[in-house]
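Here is how the chains run, residue by residue.
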Amino acid sequence: MTQGERRTPARRTVLGAAGAAVLGASAALAAGADTAHAAAGRPPGRGYRSLPVPTVIGHRGASGYRPEHTLGSYRHALDLGAHVVEQDLVPTRDGHLVCRHENDITGTTDVADHPEFASRRTTKTVDGTTLTGWFTEDFTLAELKTLRAKERIPGIRQENTLYDGRWTVPSFEEVLRWAEDEGRRRGRPIWLHVETKHPSYFRSLGLGLEERLARLLRRYGRHRANSPTFLQSFEPSSIQRLAGLVDAPGVVLLSGPASRPWDFVEAGDPRTVADLVTPEGLRWIASYAKGIGPTLDLVIPKDAGGRLGTPTTLVRDAHAEGLILHPYTHRNENAFLPADFRRGTDPTEYGDAFGALKRYLETGIDGIFSDNPDTALLAAEDLTARG
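Residues numbered from 1 in each chain as written. Predicted model: local features only at pLDDT ≥ 70, side-chain atom pairs only at ≥ 80, totals over all residues. Heavy atoms only, no water.

### Section: the nonpolar core
Grouped burial of nonpolar side chains is what soluble globular proteins tend to show. Heads up, the rule is: What makes a nonpolar core is a set of buried Ala, Val, Leu, Ile, Met, Phe, Trp, Tyr and Cys residues whose side-chain atoms join them at distances within 4.5 Å. Exposed residues in this analysis have more than 50% of their type's maximum accessible area, buried residues have under 20%, and partly exposed residues fall in between, with area computed by a 1.4 Å probe over protein chains only. Residue contacts follow a heavy-atom distance rule, with two residues in contact if any of their heavy atoms lie within 4.5 Å.
Ranked by size, the top nonpolar core spans 80 residues in total, and within it Phe172, Leu213 and Ile292 carry the most contacts. Filtering out sequence-adjacent residues up to four positions away, phenylalanine 172 remains in contact with Gln87, Leu89, Leu97, Val98, Cys99, Leu192, Val194, Leu213, Leu216 and Leu217. Core analysis: the second largest hydrophobic core is formed by 10 residues, Leu51, Trp191, Phe230 and Tyr328 among them.

Here it is in structure tokens:
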């Protein structure tokens, strides 16, 4: 099927017959945390150690089904059974934290349709990359609230455009209040996985993220070691800074092996991600963080043809330092799957997501970020059933 052609119901058949069982399966996983930990070879614990293993993290909510970083996406992730829901944080001009994957909101809001903001379009360099568009730091929260969220990748997720304009850009404080309400309604704490985006860039603008985030966490009682909150960043210094402000567990995100965290670039630190995933690098991370969030390619590299190869020793080495692993990102569509798990030639269609998840989960990772948390939950159930 070519892009833009109407898709048939077969696109969702990866979940079809199992759809009615998803909530029951995820509820069983959530209720059976002790069993999940036992299957993973570790006893139940407090805080993040009490989560089911593997933990399913709704990536920007349930962004495979709803526009990302909206209350609709977050709520749908919980409805599908996700154990944790992710937020990415960027600031507004007046110092509020809002949930967007990037500060460039050109592709995730209808800002281009607002003539009153036409003059705000500009070109900036963020972490060495030149971008032209509209940026959160040039808007007040009140101004951002006049915008509506939309699907970021409509060419791949055409169904999600049905929800364009339905939700606003949520502030992080709004999400914290939402999580409290959802927790009361569902009778359990709502776990959040909160990322500071481009922290060095924003600190250079006088909009430091960590202090603002710490104040909100304290206000809503999420600053403790056993609070239902992870704090994550691609910049290790951001996690170090947060560790001095709150006790919530930190997670260092890791991209490609040749890349360098931007704070390393600015500080002249020559280390790359390849250095950080060595036993020595992991020991350094473990001195201030509780986990790592590596790209899935650091767990199982792909060959030149895009097929999964042999797992690295990263899981074993990280566990040896007491670190948990929450790799990113599982998605159902062919466009995002390893070549050996694609089905057909249409990048928008679902491939063998369960086959790919089986390979990843069998490595012993502690959790996984997923745009399709229901799929990941069923794969996790398969793993624990075999265990």
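### Some details on the confidence of the model for the protein
In low-pLDDT segments, the atomic positions of the prediction should not be examined closely. What counts is decided by this rule: Each residue carries a pLDDT value, the predictor's own confidence for that position, ranging from 0 to 100.
Scored by pLDDT, the protein has a mean of 91; 88% of the residues are at 70 or more. Contacts from residues 1–43, a stretch scored under 50 in pLDDT, to residues over four places away or in other chains number 73 contacts.

### Considering the packing of aromatic side chains
Filter applied, for reference: Any two of the Phe, Tyr and Trp rings considered here, Trp counted by its six-membered ring, make a pair once their centres fall within 6.5 Å; the pair's planes then place it as stacked at under 30 degrees, edge-to-face at over 60, or tilted in between. For helices the rule is a DSSP run of H or I covering at least 4 residues; for strands it is a run of E covering at least 2, with both sets numbered from the N terminus onward.
Counted according to the given criterion, the structure contains nine aromatic pairs. Relative to phenylalanine 230, the ring of tyrosine 48 has its centre 6.0 Å away and its plane inclined at 55°; by these criteria the two rings are tilted. On the criterion of sequence distance, the pair formed by tyrosine 48 in the loop between α2 (33–39) and β1 (55–58) and phenylalanine 230 in strand β7 (residues 229–233) is long-range, its members being 182 residues apart. Given the relative accessible area of 1%, phenylalanine 230 is considered buried. Ring centres 5.3 Å apart and planes at 40° place the aromatic pair tryptophan 191 and phenylalanine 230 in the tilted group.

### Side note on the environment of glutamate 333
Threshold: Two N or O atoms count as a polar contact when they lie within 3.5 Å, although within protein this holds only if one can serve as hydrogen donor and the other as acceptor, and sequence-adjacent residues are included solely when both atoms are side-chain atoms.
Looking at where glutamate 333 falls in the secondary structure, it is placed in the loop between β10 (324–325) and α14 (353–361). A distance of 3.0 Å separates a polar atom in the side chain of glutamate 333 from a polar atom in the side chain of arginine 157.

### Focus: unusual backbone geometry
Omega for the bond connecting valine 53 with proline 54 falls within 30 degrees of zero, at 0°, which places this linkage in the cis form. One can find proline 54 in the loop between α2 and β1. Residue tyrosine 328 is joined to threonine 329 through a cis peptide bond whose omega torsion reads -10°. Topologically, threonine 329 is positioned in the loop between β10 and α14.

### Some points on the packing of α14 against helix α15 (residues 373–386)
For clarity, the threshold we go by: For helices, the fitted line uses only the C-alpha atoms of the stretch in contact; every axis is such a line through C-alpha atoms, and the angle between N-to-C directions lies from 0 to 180 degrees. Oblique is the label for every angle not falling under 35 degrees (roughly parallel), over 145 degrees (roughly antiparallel), or within 65 to 115 degrees (roughly perpendicular). Should the near helix be turned anticlockwise from the far one by less than a right angle, the crossing is termed left-handed; should it be turned clockwise, right-handed. Gly is placed with the polar residues, together with every amino acid not listed as nonpolar (Ala, Val, Leu, Ile, Met, Phe, Trp, Tyr, Cys and Pro) or charged (Asp, Glu, Lys and Arg).
Close contact between α14 and α15 brings their axes to 9 Å; oriented N to C, the two are set at 55°. Comparing their axes, α15 and α14 come out oblique. Like other packed secondary-structure pairs, α14 and α15 cross with a definite hand, here right-handed. Two secondary-structure elements touch here, α14 through Ala353, Phe354, Leu357, Lys358 and Leu361 and α15 through Thr375, Ala376, Leu378, Ala379, Ala380, Leu383 and Arg386. Split by residue class, the contact of α14 with α15 holds nine nonpolar, one polar and two charged.

### Some thoughts on helix α3 (residues 71–80)
Working note: α-helix, 3.6 residues per turn, so residues spaced by three or four point in the same direction. For α3, a buried count of eight out of 10 residues is recorded, marking the element as mostly surrounded by other parts of the structure. Among the residues making up α3, those that are buried are Leu71, Gly72, Ser73, Tyr74, His76, Ala77, Leu78 and Leu80. Looking one or two residues beyond α3, the residue adopting positive phi is glycine 81, at roughly 105°.

### Description of the environment of tyrosine 328
Looking at the secondary structure, you find tyrosine 328 in the loop between β10 and α14. The spacing of tyrosine 328 and phenylalanine 369 is 41 residues in sequence and 4.9 Å in space, taken between C-alpha atoms. For tyrosine 328, the residues in contact, after removing those within four places along its chain, are Phe234, Leu254, Ser255, Gly293, Pro294, Thr295, Leu296 and Phe369. One polar contact links the side chain of tyrosine 328 to the main-chain carbonyl oxygen of leucine 254, over a distance of 3.0 Å.

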